[in-house]
Amino acid sequence: MKLRIQLAGRKHEADLRLEGRRVSGTLDGRPVEADAVEVSPGIYSILLSGPLDGAAYEIQVEPAPSGLTVTAGGRRFRAHVIDPRQWQGRRGGSVEAEGRQSILAPMPGKVVRVLVAQGDKVDAGRGILVVEAMKMQNEIRSPKTGTVERLAVEEGQAVNAGDVLAIVS
């Protein structure tokens, strides 16, 4: 997956491959290899190999109003990750979808948490549900401010890429 990351005001380009716990690829054109394990929700243990062989980090990632807050080595950073596979109309975070929106599964996985109920009012960017894929949990967010018209899945249900998860109107 190709990602553009802004961390503490600095921009980075990552091209990463995930195979189980193994992460490999490039970060800003330099090769990286690591083992990464989510030890509890939002907390990751990372052991680097290659040129930085043996360096270990515990990283905490929390959602923030405008991106993420990342804590590593006792220091907190603001981060924003742009995944080119996501709908490009949401680039600045301030553009909101209009009309009735179907929220689709971005990848095959399993619904591990439903964060809203049918009929709930939601703001753009609010988490609707969490899908686990390749041992990573991905929060699926509302593309618009509105009402959850329908939830098409329940916790524990397997989903395929493109399946309708919910509808917000």
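Residues take numbers from 1 onward in each chain, read along the sequence in its written order. Only residues with pLDDT of 70 or above have their local features reported here, since the model is predicted, and side-chain atom pairs are shown and tallied only from 80 upward, although totals for entire chains, interfaces and linings are computed over all residues. For side-chain calculations, the full set of non-hydrogen atoms in the structure is used, while hydrogens and water are omitted.

Explain the overall build of the chain here, please?
Segments assigned H or I by DSSP are reported as helices when at least four residues long, segments assigned E as strands when at least two residues long, and all are numbered from the N terminus. Along its length, the chain carries zero helices and 16 strands. Within the chain, the fraction of its 169 residues that count as buried is 25%. With residues, only the protein chains shown are counted as cover, and all accessible areas are computed by Shrake-Rupley using a 1.4 Å probe. As displayed, the chain offers around 10700 Å² of accessible surface, 51% of which is attributable to carbon and sulfur atoms. When a residue's accessible area, from a 1.4 Å probe over protein chains only, is under 20% of the maximum for its type it is buried; when over 50% it is exposed; and in between it is partly exposed.

I'm lost on unusual backbone geometry in this one. Help?
The backbone phi angle of Asp28 is positive, close to 55 degrees, even though this residue is not glycine. Mapped onto the elements, Asp28 comes out in the loop between strand E3 (22-27) and strand E4 (30-40). Even without a glycine there, the phi angle at Lys135 is positive, about 65 degrees. Mapped onto the secondary structure, Lys135 falls in the loop between strand E12 (127-133) and strand E13 (136-141).

Quick question: what am I supposed to make of the sheet that holds strand E8 (residues 75-82) here?
In a beta sheet, neighbouring strands are held together by backbone hydrogen bonds and run either parallel or antiparallel to one another. Here eight strands make up a closed barrel; going around it, the order is E1-E2-E3-E4-E5-E6-E7-E8 and the pairing antiparallel. Neighbour to neighbour, the strand axes of the sheet diverge by 35 degrees on average, direction disregarded. When DSSP finds two or more bridges between a pair of strands, those strands are recorded as paired. The axes used here are C-alpha line fits, helices contributing only the stretch in contact, and every angle between their N-to-C directions lies in the interval 0 to 180 degrees.

Is there a simple way to explain the confidence of the model for the chain in this structure?
Low-confidence regions, as indicated by low pLDDT, have predicted coordinates that should not be scrutinised in detail. Residues of the chain with pLDDT of at least 70 account for 88%, and the chain-wide mean is 82. The predictor reports its confidence for every residue as pLDDT, a score running from 0 up to 100. Working rule for contacts: check all heavy atoms of both residues, and any pair within 4.5 Å makes them a contact. In the predicted structure, residues 87-95 sits below a pLDDT of 50 and forms five contacts with residues beyond four places in sequence or in another chain.

Before we go on, may I ask you to explain the sheet that holds strand E15 (residues 158-159) in this structure?
Spatially, E13-E12-E10-E15 is the arrangement adopted by the four strands of the open sheet, whose pairing is antiparallel. Of all strands in the sheet, those bounded by a partner on one side alone are E13 and E15.

I'm lost on the side chain of Ser49 in this one. Help?
Counting through the fold element by element, Ser49 comes out in strand E5 (residues 43-49). On the basis of relative accessible area, Ser49 is assigned to the buried category, the value being 17%. In this structure the side chain of Ser49 is engaged in a polar contact, spanning 2.9 Å, whose partner is the side chain of Arg22. What Ser49 contacts, discounting residues up to four positions off in sequence, is Arg22, Glu33 and Ala34. For this analysis, a polar contact is any N or O atom pair within 3.5 Å, provided that within protein one partner can donate a hydrogen and the other can accept it, and provided that sequence-adjacent residues contribute only side-chain to side-chain pairs.

How should I be thinking about the pattern of salt bridges in this particular structure?
Any two side chains of opposite charge can pair, given that their charged atoms come close. In what follows, salt bridge is the name for a side-chain nitrogen of Lys or Arg lying within 4 Å of a carboxyl oxygen of Asp or Glu. All told, the structure shown has six salt bridges when counted by the stated rule. We note a salt bridge from Arg22 to Asp35, for which the minimum N-O separation is 3.4 Å. In this pair, Arg22 is assigned in strand E3 and Asp35 in strand E4, connecting sequence segments 13 residues apart. Among the ionic pairs, Arg100 bridges to Glu149, the shortest N-O distance being 2.6 Å. Here Arg100, found in the loop between E8 and strand E9 (101-104), pairs with Glu149, found in strand E14 (residues 146-151); they are 49 residues apart in sequence, far enough to count as distant. Overall, the relative accessible area of 55% leaves Arg100 in the exposed class. Each of Arg22, Glu33 and Asp35 takes part in salt bridges that share partners, so that together they form one network.

Just to check I follow, could you spell out the side chain of Thr69 for this structure?
You can see Thr69 is positioned in strand E7 (residues 67-72). Judged by relative accessible area, Thr69 falls into the buried class, the value being 14%. If sequence neighbours within four positions are ignored, Thr69 has contacts with Gln60, Val61, Glu62, Ala64, Arg76 and Phe77.

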